[in-house]
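# Fold and contact review
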Amino acid sequence: MTKLLKLPGLIDVHVHLRDPGATQKEDFYTASRAALAGGVVGLVDMPNNPAPTINLKRLVVKKQAAKKSVCDYGFYFGANQENWKDFRKVFSQVFGLKIYMNHTTGPLLVEDLAVLQQHFKNWPQSKPILVHAEQDTLAKAIGLAACWDKWLHVCHLATSEELELVKKAKQKKIKVTCEVTPHHLFLTKDEVKTLGSLAVMRPPLQTRADLKSLWWGINKGIVDLIATDHAPHTLKEKQSSSPPNGIPGLETSLPLLLTALNENKITLKKLIELTSINPAKFLGLKSVKNSWVEVDLNKKWIIEQKNLQTKCGWSAFHGRKVIGKIERVFLRGKKVVENGKIIVKKGFGKPL
Ligand code: DOR
Ligand code: ZN
Ligand code: ZN
């Protein structure tokens, strides 16, 4: 019998569940099944729904939708042009404030400096301000965090320039953490030729040199965690004349990382730190207690989209050969995945 390796359950701090409002793409049940299939026992949902999570009422509606979840879950609050006045009402119920400083999926966008200053001024220091801020915009976000002495979390760092900014900010003791996504670690803009509009995402896929600097940042301890930015859209939407940004990632992240482990691109210690220990710390948790993933490190297999749990039903990694397979997943002591089958009922998930 092959010896299985036991990893702590993964925690994904950056996921788009699409529920409510865009459940043709995904919902709490289907996304949380995809999460468990990928070894992710806890996730945090982003606020950029069609009716975004920008007030207490919307947060209550989202919490209700989340009751379908089979994995553990949490939420972020989304910044708009005026809602810093509501921070006190929601602060204890969310893991952070999300500010979209560039345009992407959904209606949330804050570019006005006066509004940004209000958000940075009013959001308490003890939880992160997460930003979608690409290139020059990231410099603006770091400047705001430094001036207002707040905890900035940089979502989906994708370029060597962005990595350098974060490295410098950390050296200057500005409170900055950052994440990278599997798609920026395993795909480059060369793949756009074969993937076409499926590869449309924000931030876009970058060069091989950028990809290499992200791996360097991982191994030098600049990158704090890996988050999927699971952003499902239907195939029909992706193949339309105006494809929306984003790709799914919950089920493919760990197999890709195990392959990287097999290829000595990352150590086992680092993999665990970036997918479980640091995400838990980021959320102010110890871990998702008594939760683990059993993997066969040597098993070779091919990612096939027909086997995915995500409602969108496709993957940019379809056809990719990987080494390392998830055999079983346990959440709070209960076996929830066996041989790729989800064996737990709707609603097993709990708030993180
Ligand atoms: O590609 C992306 N998709 N980037 C984002 O920032 C948002 C996400 C989405 O919600 O679809
Ligand atoms: Zn983003
Ligand atoms: Zn995102």
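Here, every reference points to the structure presented above.
These lines cover the structure that appears in this document, whether it is placed above or below. (Residues numbered from 1 in each chain as written. Chains lettered and ligands numbered in written order. Predicted model: local features only at pLDDT ≥ 70, side-chain atom pairs only at ≥ 80, totals over all residues. Heavy atoms only, no water.)

## Examining the site of ligand 1
The cut-off we apply is this: We call a residue near a molecule or strand whenever a single non-hydrogen atom of that residue lies within 4 Å of it. Counting of polar contacts relies on pairs of N or O atoms within 3.5 Å, with two restrictions inside protein: one atom must be capable of donating a hydrogen and the other of accepting it, and residues adjacent in sequence are counted only when both atoms are side-chain atoms. Note on areas: these come from Shrake-Rupley sampling with a 1.4 Å probe, and a residue is covered only by the protein chains present in the view. Space inside and on the surface of the protein is sampled on a 1 Å grid over the protein atoms alone, with a cavity defined as a set of points where a 1.4 Å probe fits but cannot get out and a pocket as an open set with protein on both sides within 12 Å along at least 5 of 7 lines; lining residues have an atom within 4 Å of a point. Placement in a cavity or pocket follows one criterion, namely that more than half of the molecule's atoms lie within 2 Å of its grid points.
Around ligand 1, 13 residues are found, and the nearest of them are Arg 18, Asn 48, Thr 105, His 132 and Arg 202. Side-chain polar atom of Arg 18 to an oxygen atom of ligand 1: 2.7 Å apart, as the coordinates give it. Here an oxygen atom of ligand 1 and a side-chain polar atom of Thr 105 are 2.8 Å apart. Burial of ligand 1 by the protein amounts to 99% of the accessible area it has alone, namely 290 Å². Under a 2 Å grid-point criterion requiring more than half of the atoms, the pocket assigned to ligand 1 is the largest cavity.

## What about the pattern of salt bridges?
Applied cut-off: By definition here, a salt bridge exists when the distance from a side-chain nitrogen of Lys or Arg to a carboxyl oxygen of Asp or Glu is within 4 Å. Each helix is a run of H or I in the DSSP string that is no shorter than four residues. Each strand is a run of E no shorter than two, and both are numbered from the N terminus. Throughout, exposure labels follow a simple rule: accessible area from a 1.4 Å probe, protein chains only, divided by the maximum for the residue type, with under 20% read as buried, over 50% as exposed, and the rest as partly exposed.
Tallying each qualifying case throughout the model produces 15 salt bridges. A salt bridge links Lys 25 to Glu 237; the shortest N-O distance between them is 3.0 Å. Here Lys 25 is found in the loop between strand E2 (10-15) and helix H1 (28-37), whereas its partner Glu 237 is found in helix H10 (residues 235-238), with 212 residues between them in sequence. Residue Lys 25 is classed as buried on the basis of its relative accessible area, which comes to 10%. Of the charged contacts, one joins Glu 294 and Arg 328 as a salt bridge, the two residues approaching to 2.7 Å between their closest N and O atoms. Here Glu 294, found in strand E11 (residues 292-302), pairs with Arg 328, found in strand E12 (residues 321-331); they are 34 residues apart in sequence, far enough to count as distant. Relative accessible area serves as the criterion here: at 12%, Glu 294 is assigned to the buried category. A single network of salt bridges, built from pairs that share partners, joins Glu 294, Arg 328, Lys 335 and Glu 338.

## Considering unusual backbone geometry
In the segment running from Asp 19 into Pro 20, the intervening peptide bond is cis, with an omega of 5 degrees. Tracing the sequence through the fold places Pro 20 in the loop between E2 and H1. Backbone torsion omega between Arg 202 and Pro 203 reads -15 degrees, so that peptide bond is classified as cis. Checked against the element boundaries, Pro 203 lands in the loop between helix H8 (192-195) and helix H9 (208-219). For Arg 18, which is not a glycine, the phi torsion comes out positive at approximately 70 degrees. With respect to the element layout, Arg 18 can be found in the loop between E2 and H1. Among the residues examined, Arg 18 registers a relative accessible area of 7% and is labelled buried. Phi is positive for Lys 173, close to 65 degrees, though the residue is something other than glycine.

## Details of the environment of Gly 217
For clarity, the cut-off: In what follows, residue pairs with any heavy atoms lying within 4.5 Å of each other are defined as contacts.
Structurally, Gly 217 can be placed in helix H9. The class of Gly 217 is buried, set by a relative accessible area of 0%. Expressed as a C-alpha distance, the spacing of Gly 217 and Leu 352, which sit 135 residues apart in the sequence, is 29 Å. Residues within four places of Gly 217 in sequence aside, it is in contact with Leu 163, Ile 222 and Val 223.

## A short note on H9
This is how the line gets drawn: To estimate how far a helix should extend, the number of its residues minus one is multiplied by 1.5 Å.
The end-to-end C-alpha distance of H9 is 17 Å, a good match for the 16 Å that 12 residues give at a rise of 1.5 Å each. For H9, the complete set of buried residues consists of Asp 210, Leu 211, Ser 213, Leu 214, Trp 215, Gly 217 and Ile 218. Among the structural elements, helix H6 (160-171), strand E9 (176-180), helix H7 (182-186), strand E10 (225-226), helix H11 (253-262) and helix H12 (268-282) are those in contact with the buried residues of H9. Of the residues flanking the end of H9, it is Gly 221, one or two places downstream, whose phi is positive at about 80 degrees.

## A few points about the sheet that holds E9
For sheets, the rule is that strands pair by backbone hydrogen bonds, running either parallel or antiparallel. We count it as follows: One requirement defines pairing of two strands: DSSP has to find at least two bridges between them.
Strand order in the open sheet formed by 6 strands is E5-E6-E7-E8-E9-E10, with parallel pairing between adjacent strands. In this open sheet, the two edge strands, each paired with only one partner strand, are strand E5 (77-78) and E10. Alignment of E9 against E10, held across 2 bridges, turns out to be parallel. Paired with Val 180 across the strands is Ile 226, a residue of E10.

## A few points about the packing of helix H4 (residues 113-122) against helix H5 (residues 136-148)
The test is simple: Axis definition: a line fit to C-alpha positions, over the contact stretch in the case of helices; interaxial angles, taken between N-to-C directions, run 0 to 180 degrees. If an angle is under 35 degrees, it is roughly parallel; if it is over 145, roughly antiparallel; if it lies from 65 to 115, roughly perpendicular; otherwise it is oblique. Handedness of a crossing is defined here by the sense of rotation of the near helix relative to the far one, left-handed for an anticlockwise turn of less than a right angle and right-handed for a clockwise turn.
As a packed pair, H4 and H5 sit with axes 10 Å apart at the nearest point and diverge in direction by 45 degrees. One finds that H4 runs oblique with respect to H5. Here H4 runs over H5; the crossing is right-handed. Each of Leu 113, Leu 116, Gln 117, Phe 120 and Lys 121 in H4 lies in contact with H5, whose residues at this interface are Lys 140, Ala 141, Leu 144, Ala 145 and Trp 148.

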